[in-house]
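Observations on chain architecture
So the chains spell out like this:
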Amino acid sequence: MNDSEAVTTLPRKERERLVHRREILEAAERVFARNGYQGTTVEQIAQEAEFAVGTLYNFFGSKEELYQEVLASHIEDALALFRERVLDEADPVAAVVALIELRLEILDRHKGFARVVFQTPMAEHGDASLALPPRCLALIEEAQAGFARVLERGIAAGVFVDVGAADLAVCLQGILNAFIAQWLLHEPREPVAERAARLRRVVLSLILRGRN
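Bear in mind the structure is a predicted one, so any value in this text is a computation, not a measurement.

Rules behind the numbers
- Residues numbered from 1 in each chain as written.
- Predicted model: local features only at pLDDT ≥ 70, side-chain atom pairs only at ≥ 80, totals over all residues.
- Heavy atoms only, no water.
- Salt bridge = Lys/Arg side-chain N within 4 Å of Asp/Glu carboxyl O.
- Helix = DSSP H or I, 4+ residues; strand = E, 2+ residues; numbered from the N terminus.
- Buried < 20%, exposed > 50% of the residue type's maximum accessible area, 1.4 Å probe, protein only.
- Phe/Tyr/Trp six-rings, centres within 6.5 Å; stacked < 30°, edge-to-face > 60°.
- Lys NZ or Arg CZ within 6 Å of the ring centre and 35° of its normal.
- Core = buried A, V, L, I, M, F, W, Y, C linked by side-chain atoms within 4.5 Å.
- Contact = heavy atoms within 4.5 Å.
- Lys, Arg positive; Asp, Glu negative; His and termini not counted.
- Polar contact = N/O pair within 3.5 Å; in protein donor to acceptor, adjacent residues only side chain to side chain.
- Expected span 1.5 Å × (residues − 1).

Notes on the pattern of salt bridges
If you walk through the whole model with that rule in mind, you get 13 salt bridges. Of the charged contacts in the structure, one is a salt bridge between Glu26 and Arg22, with a shortest N-O distance of 3.9 Å. Residue Glu26 and its partner Arg22 are located together in helix 2 (residues 12-35), separated by 4 residues, close to a single helical turn. Judged by relative accessible area, Arg22 falls into the partly exposed class, the value being 45%. Across the pair Arg198 and Glu190 runs a salt bridge whose closest N-O atoms are separated by 2.2 Å. If you follow the salt bridges from partner to partner, you end up with Arg21, Glu69, Glu76 and Arg135 in one network.

Structure below.
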């Protein structure tokens, strides 16, 4: 049974509650993207979602909780796609390419909110833990370990430079994050597909054995 089928089996009031919760989170993402973290208020989110402020508080206790829930939902969705497209890919090189394409696809879909995440110092949230939702930590660690195993296969096959899978994974994520941060500050005019191709050339030139 998939998630949609599971939802349809719930009582009507519970289905309505889930719909309203999703509408509030979607509204919160739009407002955070428009106004930034500090410039956003619960009242603005309630107005965007077309709910009374009191009704919104029945779902979420604070702006901080709303921010964390939006971020957590994006991380969980991204990790599900990561497992499907990257970790399930048998070819290590194709897995790296899939990671690049997935990161840029997600960036393009949620770039307004991504700017808030990348550009808002943790200190501005009042609680540094908001930068990374605690319930996502184990999922992220699991994904990182899985990706390190993909790289290890590539190293063992003589495809990737042998600098250690864990260090290579850190370097790859650092490169991707640096490019994404730059593009969030100065968004290029070129389409996402062209950006992905350019980033793919850069990454593969650095990690493929015999290319450096």
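Regarding the environment of Glu76
If you trace the backbone, Glu76 turns up in helix 5 (residues 63-87). Each C-alpha atom, one on Glu76 and one on Ile140, is 8.9 Å from the other, the two residues being 64 residues apart in sequence.

Things to note about the packing of aromatic side chains
Going through the model one piece at a time under the given rule, you end up with 7 aromatic pairs. Ring plane angle 5 degrees and centroid distance 6.0 Å describe the contact between Phe32 and Tyr37, whose orientation is recorded as stacked. For the residue pair Phe32 and Tyr37, the accessibility class agrees, reading buried in each case. Aromatic side chains Tyr67 and Phe113 sit 5.6 Å apart centroid to centroid with 45 degrees between the ring planes, which places their arrangement in the tilted category. Taken together, the residues span a long stretch of sequence, with Tyr67 in helix 5 and Phe113 in helix 7 (residues 111-119) at a distance of 46 residues. An aromatic cluster of three or more residues is present, and its members are Phe32, Tyr37, Tyr67 and Phe113. Over the ring of Phe59 we find Arg17; its NZ or CZ atom is 4.4 Å from the centre of that ring. The ring of Trp183 carries Arg195 above its face, with NZ or CZ at 5.7 Å from the centroid.

Topic: the nonpolar core
Ile24, Leu66, Val96, Phe147 and Leu151 are the most contacted members of the largest nonpolar core, which totals 63 residues. At 11 residues, helix 5 tops the list of elements feeding residues into this core. Excluding anything up to four places from it in sequence, Leu151 contacts Val96, Phe160, Ala165, Leu168, Ala169 and Leu172.

Topic: unusual backbone geometry
For Glu50, which is not a glycine, the phi torsion comes out positive at approximately 65 degrees. Residue Glu50 is classed as exposed on the basis of its relative accessible area, which comes to 74%.

Some details on the side chain of Lys63
You can see Lys63 is positioned in helix 5. Within the buried set, Lys63 has no salt-bridge partner at all; the shortest N-O distance to an opposite charge, 5.5 Å, is to Glu64. Polar side-chain contacts of Lys63 include one of 2.9 Å to the backbone oxygen of Tyr37. Ignoring anything within four residues of it in the chain, the contact list for Lys63 reads Phe32, Tyr37, Gln38, Thr40, Thr41 and Val42.

Things to note about helix 8 (residues 134-156)
The end-to-end C-alpha distance of helix 8, which contains 23 residues, comes to 34 Å, matching closely the 33 Å that a straight helix rising 1.5 Å per residue would cover. Listed in full, the buried residues belonging to helix 8 are Cys136, Ile140, Ala143, Gly146, Phe147, Ala148, Val150, Leu151, Gly154 and Ile155. In this structure, the buried side of helix 8 is in contact with helix 5, helix 6 (92-109) and helix 9 (165-185). At the C-terminal side of helix 8, Gly158 shows a positive phi close to 80 degrees.

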